[in-house]
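Structural overview for review
The chain contents come next:
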Amino acid sequence: GNSVTQMEGPVTLSEEAFLTINCTYTATGYPSLFWYVQYPGEGLQLLLKATKADDKGSNKGFEATYRKETTSFHLEKGSVQVSDSAVYFCALSDSNYQLIWGAGTKLIIKP
Amino acid sequence: GEEVAQTPKHLVRGEGQKAKLYCAPIKGHSYVFWYQQVLKNEFKFLISFQNENVFDETGMPKERFSAKCLPNSPCSLEIQATKLEDSAVYFCASSQSWGPYEQYFGPGTRLTVT
């Protein structure tokens, strides 16, 4: 079945460091891929998405490229801020359009 | 409204009691999804609706869980005879169109079963 695997956290970085959170998927067909973010005490927000191979999603300085050959959708940001501290979820949308979720990666940014 | 609304924010039930959660999707959104988030952030899909019709209920523990989306009423998720393992945050999401479109999430209802 479809599944999403993302790196275990927490990930702890200093402010202005480069961020990568790995995400790989297993799916039949051509799923759409998403990164959602959950800030402390808040609900989920869509961070970015990509609907087909080689698409790059970007938002708020974050980027992720849909790589079909490696079945990956790694999240990157060039310079993180304390305000980026949150839990990040990678997800795919299957043929029934339900979201299949990764386990979430907690990101902690220290000043 | 412009946001998905979920009530109540917190719900505490003794084991064996009934729990009922509500979700008002964004106005104009026809598709509603329910997800369960348990410890360690794990999300599980429960059920989806197109208007008042169930579209996919493959994630629902059918023995005790039921859900409805009726016209002109908030959607509801009901758990009969709650168990300790039902303790979780239940998220509702709505989407304007069917397909790989963004799902907008509500703030969640935290259910604690004691």
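The present account deals with the structure reproduced in this document. Computed from a predicted model, the values in this text were never measured in an experiment.

The rules behind each value
- Residues numbered from 1 in each chain as written.
- Chains lettered and ligands numbered in written order.
- Predicted model: local features only at pLDDT ≥ 70, side-chain atom pairs only at ≥ 80, totals over all residues.
- Heavy atoms only, no water.
- Disulfide = S-S within 2.5 Å.
- Helix = DSSP H or I, 4+ residues; strand = E, 2+ residues; numbered from the N terminus.
- Salt bridge = Lys/Arg side-chain N within 4 Å of Asp/Glu carboxyl O.
- Contact = heavy atoms within 4.5 Å.
- Buried area = accessible area lost by both parts, 1.4 Å probe.
- Polar contact = N/O pair within 3.5 Å; in protein donor to acceptor, adjacent residues only side chain to side chain.
- Core = buried A, V, L, I, M, F, W, Y, C linked by side-chain atoms within 4.5 Å.
- Buried < 20%, exposed > 50% of the residue type's maximum accessible area, 1.4 Å probe, protein only.
- Pairing = 2+ DSSP bridges.
- Axes fitted to C-alpha atoms, helices over the stretch in contact; angles between N-to-C directions.

**Notes on the state of the cysteines**
Residue and element names in this part refer to chain B. As enumerated under the stated definition, the model contains three disulfides over all chains in all. Through a disulfide, C23 is tied to C92; the S-S separation comes to 1.8 Å. Taking the torsion about the sulfur-sulfur bond, which here is approximately -55°, the covalent link between C23 and C92 counts as left-handed. One end of the pair, C23, is in strand 3 (residues 19-24); the other, C92, is in strand 9 (residues 88-95), and 69 residues separate them in sequence.

**Focus: the pattern of salt bridges**
A side chain of one charge can pair with a side chain of the opposite charge when the charged atoms of the two come close. Tallied over the full model, the rule gives six salt bridges over all chains. Two residues, D55(A) and K52(A), come together in a salt bridge whose shortest N-O distance is 3.3 Å. The network of salt bridges with common partners includes K18(B), K20(B) and E78(B).

**Re the interface of chain A and chain B**
Taken together, the contact pairs 18 residues of chain A with 20 residues of chain B. Summing both partners gives a buried area of about 1,600 Å² for chain A against chain B, and 59% of it is carried by carbon and sulfur. Inspection of the chain A/chain B interface yields zero salt bridges. There are four residue pairs in polar contact (both at pLDDT 80 or more) connecting chain A and chain B.

**Topic: the nonpolar core**
Across soluble globular proteins, you tend to see nonpolar side chains buried next to one another. Core analysis: the biggest nonpolar cluster contains 27 residues, and W35(A), L47(A), L48(A), F73(A), L75(A) and Y88(A) have the highest contact counts within it. Elements supplying a minimum of two residues to this core: strand 2 (11-14), strand 3 (19-21), strand 4 (23-26), strand 5 (32-38), strand 6 (44-50), strand 8 (62-65), strand 10 (86-93) and strand 12 (105-110) of chain A. Of the residues forming this core, the biggest block, four residues, is contributed by strand 10 of chain A. Judged by nonpolar contacts, the second largest core, of 23 residues, contains C23(B), I26(B), M60(B) and A67(B).

**Looking at the sheet that holds strand 7 (residues 65-68) of chain B**
All names here are of chain B. Read across the sheet, four strands follow the order 1-3-8-7 without closing on themselves; strand pairing throughout is antiparallel. Two strands lie at the open edges of the sheet, namely strand 1 (5-7) and strand 7, each paired on one side alone. Put simply, the sheet's adjacent strands are angled 15° from each other on average, direction ignored. Bridging between strand 1 and strand 3 involves three bridges; their strand directions are antiparallel. Directly across from A5, in strand 3, lies its bridge partner A24.

**Overview of unusual backbone geometry**
Following G9(A), the chain continues to P10(A) via a peptide bond in cis, the omega torsion being -5°. The topology assignment puts P10(A) in the loop between strand 1 (3-6) and strand 2. Residues T7(B) and P8(B) are joined by a peptide bond in cis, for which omega reads -15°. For P8(B), the location among the structural elements is in the loop between strand 1 and strand 2 (10-13). Of note in the backbone geometry, K60(A) takes a positive phi value of approximately 55° without being a glycine. Along the chain, the position of K60(A) falls in the loop between strand 7 (56-59) and strand 8. In this structure, N51(B) is a non-glycine residue whose phi angle is positive, near 55°. Summarising the element assignment, N51(B) is placed in the loop between strand 5 (43-50) and strand 6 (53-56).

Read these as geometric descriptors, not functional statements.
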